[in-house]
Amino acid sequence: MEHIVEVNIVCFVRLEGSFDVDQLRSALSRVQRKHPTLRALIREERDGLYYEADSAPEIPLRIVPRVTEDDYRRECQTELTTGFAYDQPQLRAVWLQSESESDLLLTTTHRMCDGMSVFLIVREVLRSLHSDEELVPYEPITVQDVIGDYQPPQPWKRKLAAGLMNGLLRLIPNSRRAPENNEHYVEWRAGRTLSNAMKQRCRAEGVSVHAALLVALERALFAVFGKKLPSSIINPIDLRRGRFAALKSDMVFFGGGNFKIRTEQSPDVKFWARARTIHEEIPGEVKQEILDIPSRFHFLEMLRPLSSRQIQSIMRLDDVLTFKGSWNSFGFSNLGNVVVLDSDALLRLKDLRLYVHSFNIRMLGLIPYTVNGEMCFCWAIDEKYMSRSQVDALKREFMDLLQNQVLRADGDASEVTRMRAVVAQ
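Residues numbered from 1 in each chain as written. Predicted model: local features only at pLDDT ≥ 70, side-chain atom pairs only at ≥ 80, totals over all residues. Heavy atoms only, no water.

Let's shift gears to unusual backbone geometry. Here Asp-54, not a glycine, exhibits a phi torsion of approximately 55°, which is positive. With respect to the secondary-structure elements, Asp-54 resides in the loop between strand 3 (48-52) and strand 4 (61-65). Its relative accessible area of 52% is what places Asp-54 among the exposed residues. The phi torsion at Asn-372 lies on the positive side, around 50°, for a residue other than glycine. You can see Asn-372 is positioned in the loop between strand 13 (364-371) and strand 14 (374-382). (Helix = DSSP H or I, 4+ residues; strand = E, 2+ residues; numbered from the N terminus. Buried < 20%, exposed > 50% of the residue type's maximum accessible area, 1.4 Å probe, protein only.)

And the structure:
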């Protein structure tokens, strides 16, 4: 997966308060010394890519004058679309500097960390701006640390399956042309009133916010695409949280696990009844995924890594075979409540946003997270999958569903009536 997912992640942070360049460089340096992935370079060999531990120079920092509030958009676009050289750290920083406010852009790659890891890096950098505390360095984590002592019940069958798969992988040609990936990136916030009401209603209904958001996404997709909605929604999970002993809660890690929720093809089930069903399904799905990961990683380690040009060939074939509105799954990366500054911090967080761009695979998903008590959302959907008008319609349906279900006691009945009208059309 680290070979395949070549995605840039940019975290934009707007801060009120002062610090100087020496403090920022010192903070970046201490965070880099803590995390092995930030100390490593990538080395390309004939049989694939390797991490070269403890060999990276210091994290690059660009300082740009901040003239207007929207200057960060220009710099963000540059950071999103600029790849990482193998001989450079896989994290870089841009500081848009002004007297009263500062904008900080921290950019990394999904090869090195997932979305939660990005927020962890941001939190540690901001905390280190006004602290001289030295962070304790971690040793590199390998795939074997996750696999542990797992052994397949019938090793010969696994070797045979891996051999056949490797034979097929060798048949994939090398493309001469990189895919042209352009995402519709639409971001918005729910507002504090709706965000608070959402938590209260979910608590009253006995479901998680995650489950309720899944139902809203599922039914928004149905409202816009009818029976052509994706067959499943993919939910990444955090492998830390005590799930694997080698992975500490404050380690940077690239991810590697998810569970699926099959979408419902009928709108007749009431919203909160459907949310309760999903809420009850999730723990079992997560538990099974945790049990399956050592076996999956063990098998993946036996496979021949795909080259970038082979991945490009796969995506070009996908462009030929796939027509707009046709897909199998939709991503739902819920990053939860994000806290990057302590209540007694000298700096004040005014804004925080997350942006992503893929260089090879097509993006198709929703990223929700909560900052300062306010739910934030962003679609990251490749234009090959949806038009901008479809993305906008999806947003409207999603938010209408949340407002109807959270703010109105009789939302279920009116929502089912509306959805039946969609089917009739």
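In this section: the environment of Asn-8. Among the secondary structure elements, Asn-8 is positioned in strand 1 (residues 7-16). A relative accessible area of 2% means that Asn-8 is categorised as buried. Sequence separation between Asn-8 and Leu-80 is 72 residues, and the spatial gap between their C-alpha atoms is 5.7 Å. Within polar-contact distance, the side chain of Asn-8 engages the backbone oxygen of Leu-80 at 3.2 Å. (Polar contact = N/O pair within 3.5 Å; in protein donor to acceptor, adjacent residues only side chain to side chain.)

Extensive coverage of strand 14 is indicated by the burial of nine of its nine residues. Burial of the side chains of strand 14 extends over both faces: Glu-374, Cys-376, Cys-378, Ala-380 and Asp-382 are buried on one face and Met-375, Phe-377, Trp-379 and Ile-381 on the other. In this sheet, strand 14 lies alongside strand 7 (residues 183-189) in antiparallel orientation, the contact comprising seven bridges. Bridge assignment links Glu-183 to a residue of strand 14, and that residue is Asp-382. As paired strands, strand 13 and strand 14 are joined by eight bridges and run antiparallel to one another. (Pairing = 2+ DSSP bridges.)

What follows concerns the sheet that holds strand 5 (residues 91-97). Reading across the sheet, the five strands line up as 4-5-6-1-12 and stay open at both edges, with mixed pairing between neighbours. Sheet topology places strand 4 and strand 12 (348-358) at the edges, where each strand pairs with a single neighbour. Each adjacent strand pair in this sheet contributes to an overall mean axis angle of 15°, direction not counted. The strands touched by helix 3 (residues 71-81) within the sheet are strand 1, strand 4, strand 5, strand 6 (101-109) and strand 12, with strand 12 carrying the most contacts at an inclination of about 35°. (Axes fitted to C-alpha atoms, helices over the stretch in contact; angles between N-to-C directions. Contact = heavy atoms within 4.5 Å.)

A surface patch of nonpolar side chains, amounting to about 360 Å² of accessible area, comprises Trp-156, Leu-160 and Leu-164. With respect to the helices, strands and loops of the structure, Leu-160 is situated in helix 6 (residues 155-170). Taking relative accessible area as the criterion, Leu-160 reaches 46% and is therefore assigned partly exposed. (Patch = residues over 30% accessible without salt bridge, like charges linked within 9 Å, V, L, I, M, F, W, Y side chains within 5 Å. Areas by Shrake-Rupley, 256 points an atom, 1.4 Å probe, with all protein chains shown as cover. Salt bridge = Lys/Arg side-chain N within 4 Å of Asp/Glu carboxyl O.)

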